[in-house]
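# Chain and residue survey
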Protein chains: 2
Amino acid sequence: MYSRFMSTSERLIESTRELLWERGYVGTSPKAILERAGAGQGSMYHHFKGKPDLALAAIRRTADEMRATAEGVLDGPGTPYERIEAYLTRERDVLRGCPIGRLTMDPEVIASDELREPVDETIDRIRERIAHLVEEGKEQGQFGAGLDGEAIAATVVATVQGGYVLARASGSPTAFDAGVRGLLSLLAPRPTD
Amino acid sequence: MYSRFMSTSERLIESTRELLWERGYVGTSPKAILERAGAGQGSMYHHFKGKPDLALAAIRRTADEMRATAEGVLDGPGTPYERIEAYLTRERDVLRGCPIGRLTMDPEVIASDELREPVDETIDRIRERIAHLVEEGKEQGQFGAGLDGEAIAATVVATVQGGYVLARASGSPTAFDAGVRGLLSLLAPRPTD
């Protein structure tokens, strides 16, 4: 439940963000949103055009937060390898999964260009940032010249997204950590390179 | 729609498999299952104890198929690297995602030990098989001695599962292929190793 000092539209957005993370778009009913927000029947239609409009506001906010967190680490201190390592190992509530990645399994999000757009853009931006880091690392001789920045960036982001799947399947974050450790061991600068 | 020569319980299981893949457990109503199966109101309770029981039969069948397909490739011909490559690049309907992996995003599957069990077991078996292949490859000098088979196996399976997320976010299989290509370039036996 939210503070009574928070506006109704704020409470609706925050409730929707939580429910989308827990249950996805298909699994989130307007009724559940209103209940969690402690808001009255008509309030969703007073502030938003309906569930898709409210969900879009919620997804955009979650996407902005996720991008800011990722960029904070990727633009942080250290060598390219260390920054990719920091991105892969940053503290996560692994068993909750990714609030953006999980939306890709939602048929109604994928069927809507509008709802899919912030999901696609966020993942794309993070991939781009990592691809640049790989290219930087190649210039500095930290990564082999044969690596393709864009491909490695896709592998890095996929390992995180797939790591959530492994962790949730097994009910333990261990599998996420193993996937990250495996990737880092493959990426690590080698004296022979 | 299914052949009228298929039994009602078969039609129920096959319809449930499809709906779970498309919409997940939370998004699949008994009504939708009956409609797709062309089955009457009472037939689900005649053949199954209810939605969880029917879903369990459907998930088990999908899990068995997925494991058989994966093992067919991983136990096939070729060096350990080639068999991992064959697993990563085998033909997939990438934009549909993984019918087993997607269930991990389903709160009701994850909350039920019974429904989660076949999901966990399938992913676990595939990881184990890949971990053995990595160890074999190390013995043959194909992979660096420093690699941890279990960690690499988690990375391989995570890249596939996360590759679906990237592909569905962007609406194109290209991102899946990029992630796989990146991982293969990191795993490839190098003359300097």
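Position numbers for residues start from 1 in each chain and track the written sequence from start to end. Following the order in which they are written, the chains are lettered starting with A and the ligands numbered starting with 1. Only residues with pLDDT of 70 or above have their local features reported here, since the model is predicted, and side-chain atom pairs are shown and tallied only from 80 upward, although totals for entire chains, interfaces and linings are computed over all residues. The side-chain values count all of the structure's non-hydrogen atoms but skip hydrogen atoms and water molecules.

As recorded by an unreviewed UniProt entry, chain A carries the name TetR/AcrR family transcriptional regulator and is attributed to Streptomyces asoensis.

Time to look at the UniProt feature "DNA-binding region" (unreviewed entry) in chain A. UniProt positions are given in the numbering used here, feature names are shortened, and annotations may be inferred rather than shown by experiment. As recorded in UniProt, the sites labelled "DNA-binding region" (unreviewed entry) are residues 29-48 of chain A. Helix and strand shares over residues 29-48 of chain A are 65% and 0% respectively, and the end C-alpha atoms of the span are 15 Å apart. The numbering of helices and of strands both runs from the N terminus, where a helix is a DSSP run of H or I of at least 4 residues and a strand a run of E of at least 2.

Here the focus is the side chain of A:Gln142. All names here are of chain A. Within the element layout of this structure, Gln 142 appears in the loop between helix 7 (113-139) and helix 8 (149-170). The rule is simple: take the accessible area with a 1.4 Å probe, protein chains only, and divide by the maximum for that residue type; under 20% is buried, over 50% is exposed, in between is partly exposed. A residue is classified by how much of its surface remains accessible, and Gln 142, at 14% relative accessible area, is buried. Ignoring any residue separated from it by four or fewer positions in sequence, one finds Gln 142 in contact with Thr 79, Pro 80, Tyr 81, Gly 137 and Pro 189. By definition, residues are in contact when any of their heavy atoms lie within 4.5 Å.

At an RMSD of 0.0 Å, chain B and chain A line up after a rotation of 180 degrees and a shift of 0.0 Å along the axis. The symmetry that links the two subunits is that of a two-fold axis. Judged by C-alpha distance, B:Gly162 is the residue of chain B that lies nearest the rotation axis, at 1.9 Å. The residues that chain B uses at the interface reappear at the interface of chain A in 100% of cases, marking a shared surface. Residues reaching a pLDDT of at least 70 in both copies supply the C-alpha atoms on which the copies are superposed by least squares.

The subject of this paragraph is the packing of aromatic side chains. Note on aromatic pairs: each is described by the distance of the centres and the angle between the planes. Residues and elements named next belong to chain A. Stacked, edge-to-face and tilted are the three classes for Phe, Tyr and Trp ring pairs, Trp counted by its six-membered ring, which pair at centre distances within 6.5 Å; planes under 30 degrees apart are stacked, over 60 edge-to-face, the rest tilted. Applying the stated criterion across every chain yields a total of 2 aromatic pairs over all chains. Taken together, a centroid distance of 5.2 Å and an interplanar angle of 45 degrees make the contact between Tyr 164 and Phe 176 tilted. In this pair, Tyr 164 is assigned in helix 8 and Phe 176 in helix 9 (residues 174-187), connecting sequence segments 12 residues apart. For Tyr 164, a relative accessible area of 6% gives the class buried. Ring-over charges, as used throughout, are those where CZ of Arg or NZ of Lys falls within 6 Å of the ring centre and within 35 degrees of the ring normal. Positioned above the aromatic ring of Trp 21, the side-chain terminus of Arg 96 is 3.7 Å from the ring centre.

Next up on the list: the nonpolar core. Grouped together as the largest cluster of nonpolar side chains are 121 residues, with contacts concentrated most on A:Tyr87, A:Ile130, B:Tyr87 and B:Ile130. Not counting residues up to four positions away in its chain, the partners in contact with A:Tyr87 are A:Ala70, A:Val73, A:Leu74, A:Arg92, A:Ile126, A:Ile130, A:Val156, A:Val157 and A:Val160. Note on terminology: a nonpolar core comprises buried Ala, Val, Leu, Ile, Met, Phe, Trp, Tyr and Cys residues joined through side-chain atoms within 4.5 Å.

We now examine the interface of chain B and chain A. With 48 residues of chain B in contact, the opposing surface of chain A contributes 48 residues. By definition, the buried area sums, over both parts, the 1.4 Å-probe accessible area that each loses when the two are put together. A combined buried area of about 3,900 Å² lies between chain B and chain A, and 64% of that area is made up of carbon and sulfur atoms. Contact with chain A buries surface across chain B, with B:Met105, B:Arg168 and B:Leu186 losing the most and accounting together for 18% of the total. Whenever Lys or Arg places a side-chain nitrogen within 4 Å of a carboxyl oxygen from Asp or Glu, that contact is recorded as a salt bridge. One can count 4 salt bridges joining chain B with chain A. Taking the shortest distance from any N to any O, the salt bridge between A:Asp148 and B:Arg181 comes out at 3.5 Å. Whenever a nitrogen or oxygen atom comes within 3.5 Å of another N or O atom, the pair is scored as a polar contact, on the condition that within protein one atom can donate a hydrogen and the other can accept it, and that pairs from neighbouring residues in sequence are kept only if both atoms are in side chains. Where chain B touches chain A, the interface holds 11 residue pairs in polar contact (both at pLDDT 80 or more). Contributions of two or more residues to the side of chain B that touches chain A are made by helix 1 (8-23), helix 6 (107-110), helix 7 (113-139), helix 8 (149-170) and helix 9 (174-187) of chain B.

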